[in-house]
Amino acid sequence: MTPTHPPHDAEEDRFREECGVFGVWNHADAAALTALGLHALQHRGQEAAGIVTLAPGGVFHHHRGLGLVGDIFGDAKVIGALPGRAAVGHNRYATTGETALRNVQPLFADFAFGGFAVAHNGNLTNAATLRRELVRRGCLFQSSTDTEVLVHLIAISLYANVLDRLIDALRQVQGAYSLVALHQGGLIGVRDPLGVRPLVIGRLPHATAAPAWILASETCALDIVGAEFVRDVDPGEIVVIDDSGLRSIKPFEQQPRRFCIFEYIYFARPDSVVEGTGVYETRKRIGAELARESPVPADVVVPVPDSGVPAAMGYAAESGIPYELGIIRNHYVGRTFIEPTDQIRHLGVKLKHSANRATLNGRRVVLVDDSIVRGTTSRKIVEMVRNAGAAEVHMRISSPPTTHSCFYGIDTPSRRELLAAQHDVAEMARLIGADSLAFISLDGLYRALGRPGRDRAAPGFCDACFTGDYAIPLTDWPAEAAGRDPQAAS
Ligand code: SF4
């Protein structure tokens, strides 16, 4: 397995979050809570989902499937067949390993110390290197996910107990990850030492008994099950939850935080609070900053739904230009529907979005979206708005230009396919057919997050897809690590 760049869904013209994780300890309806939590995290992965529960006597049960959480776990019989007071769950948008049932998490292994289930959000950047070494040593892999590398490292560790084995394995991996794991003795949550991917702790108070504990990728998954937010898992922290409560271990050397800044721009659900900051309000502040940086005389501000909505609201409020729903999104178009034929596939944008002529005809339009990846969707949407009679179309983007691929668990094309990596802003405007185009600046983005600007020595966030400043080694991608485009050389 020698990746040349992160795998990417060629149908999608945006960065895609790839996984959501959820865990429960000490609740009679652990499987049902996990299904609900995964449903709230559906935006983080729509291709597959799985739940593993731990029943009395140390017996593990599991169910995995391809598709949406509601389709896989909507049947009460499926939940009924997952007994136990503890569970871990995962939903997935494939970034490593083809979409096949054998790759659907949580992965489960029977070790000498008992059963162990693990679900992983993120990407290990030395997984292929470690995998080659493990195969050379005789390990047999069942899947093509990088998570299985972790399972094998745990299996061959010489430490006696599960926690020490996990720490031993984590010391060997590089990458961005949030994990939830379940074994007979407890529920475990881990964030990578830089805290790139999110993981939060919640609690469901019981009137007469010890609380139920929840681990989840985002706070929106706590809200759906009625759990109170306790705190974020810290970067590099391992939390161990068992019947005596929660304890924290910090076995890794402390490093500067590098939370994924794109979570605020697009990935996280708007009603989530990540790292203490509300996503919805942040997106509105980004829109306001964008209006201050790149004003333009116009009649209406129109979001590209749904991702451009809060930023467009912020832009409209700051600029004083009326906010209108000029594009209507059809929420009932699934990717499976548009996949079968080329004739239908080329209609993709029209199937997902329609122009609202009443708000666009004869108007000068500020169109707000969260990002431009390859530019194919932006070009079609600008064309759609023009065809609905817009007099002018000015595109405003609530992220800086995406000039680099993500290797930390987000589905992105190679640099060669990124419009901003190949063209300057004026050329991009011409290619997407807009009268003008502007992106929020990197400093403006940091200002919207409450910073004075980007501190080059200690940014506090991962922003590598805008800067190429990769804080975690790209061991499996040596050409990209050296700043070369391997495809350009071939
Ligand atoms: Fe997030 Fe971009 Fe960093 Fe990937 S490279 S983790 S998308 S900020």
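Residues numbered from 1 in each chain as written. Predicted model: local features only at pLDDT ≥ 70, side-chain atom pairs only at ≥ 80, totals over all residues. Heavy atoms only, no water.

What follows covers the domain arrangement of the protein chain. Split by domain assignment, the protein chain resolves into domain 1 (19-255) and domain 2 (279-469). For domain 1 versus domain 2, the distance between C-alpha centres works out to 33 Å. Domain 1 puts nine residues into the contact, and the matching count from domain 2 is six residues. On inspection of domain 1 and its partner domain 2, the count reaches zero salt bridges. (Domains from an automatic or database assignment. Contact = heavy atoms within 4.5 Å. Salt bridge = Lys/Arg side-chain N within 4 Å of Asp/Glu carboxyl O.)

Our focus in this paragraph is the environment of I167. Mapped onto the fold, I167 is located in helix α6 (residues 162-172). Overall, the relative accessible area of 10% leaves I167 in the buried class. Linking I167 and F73, residues 94 residues apart in sequence, is a C-alpha distance of 32 Å. Residues in contact with I167, not counting those within four places in the same chain, are I238, P251 and F252. (Helix = DSSP H or I, 4+ residues; strand = E, 2+ residues; numbered from the N terminus. Buried < 20%, exposed > 50% of the residue type's maximum accessible area, 1.4 Å probe, protein only.)

Counting 48 residues, the largest nonpolar core has F15, F262, V301, Y315 and Y408 as its most contacted members. Counting residues per element, this core draws most heavily on helix α8 (residues 262-267), at five residues. There are two domains that each give this core at least three residues, and those are domain 1 (19-255) and domain 2 (279-469). Contact partners of Y315, with chain neighbours within four places excluded, come to G287, A288, L290, A291, S294, P295, V296, V301, V366, V368 and R396. Membership of the second largest hydrophobic core comes to 32 residues, among which are L153, L163, V173 and I238. (Core = buried A, V, L, I, M, F, W, Y, C linked by side-chain atoms within 4.5 Å.)

Given 3.6 residues per helical turn, the α-helix brings residues three or four places apart onto the same face. End to end, helix α9 (residues 279-293) covers 21 Å across 15 residues, agreeing with the expected 21 Å (1.5 Å per residue, within 8%). Among the residues making up α9, those that are buried are V279, T282, R283, I286, G287, A288, E289, L290 and A291. (Expected span 1.5 Å × (residues − 1).)

What follows deals with the pattern of salt bridges. With the rule as written, the count across this model stands at 22 salt bridges. Between D463 and R454 there is a salt bridge whose closest N-O contact spans 2.4 Å. Classification of R454 as buried rests on a relative accessible area of 16%. Residues joined by salt bridges that share partners form a network here, namely E289, R292, E293, E318 and R447.

Another aspect to go through is the site of the ligand. Taken together, 13 residues lie around the ligand, and R197, C260, C406, C462 and C465 are the ones closest in. Secondary structure elements with two or more residues in the shell around the ligand: α8 and α19 (464-467). The residue inventory of the shell around the ligand, partitioned by class, reads eleven nonpolar, no polar and two charged. (Near = heavy atom within 4 Å. Nonpolar A, V, L, I, M, F, W, Y, C, P; charged D, E, K, R; others polar.)

Next up on the list: the sheet that holds strand β22 (residues 392-397). Read across the sheet, four strands follow the order β18-β21-β22-β24 without closing on themselves; strand pairing throughout is parallel. Each of the sheet's edge strands pairs with one partner strand only, and the pair in question is β18 (300-303) and β24 (436-439). Each strand of the sheet is rotated relative to its neighbour by a mean of 20°, with strand direction disregarded. Examined bridge by bridge, strand β21 (residues 364-369) and β22 share six bridges and lie parallel to one another. The residue bridging V366 from the neighbouring strand is H394, located in β22. Sheet contacts for helix α10 (residues 309-319): β18, β21 and β22; angle to β18, the most-contacted strand, approximately 165°. Across the sheet, helix α15 (residues 376-387) is in contact with β21 and β22; its angle to β22 comes to roughly 145°. (Pairing = 2+ DSSP bridges. Axes fitted to C-alpha atoms, helices over the stretch in contact; angles between N-to-C directions.)

The next subject is the packing of α9 against α10. Across the interface, α9 lies against α10 with an axial gap of 6 Å and an inter-helix angle of 45°. Considering their axes alone, α9 and α10 lie oblique with respect to each other. The crossing of α9 and α10 is right-handed. Contacts from Y280, R283, K284, G287, A288, L290, A291 and R292 in α9 reach P310, A311, M313, G314, Y315, E318 and S319 in α10. Residue classes in the contact of α9 with α10 are distributed as eight nonpolar, three polar and four charged. (Parallel < 35°, antiparallel > 145°, perpendicular 65-115°, else oblique. Left-handed = near helix turned anticlockwise from the far one by under 90°.)

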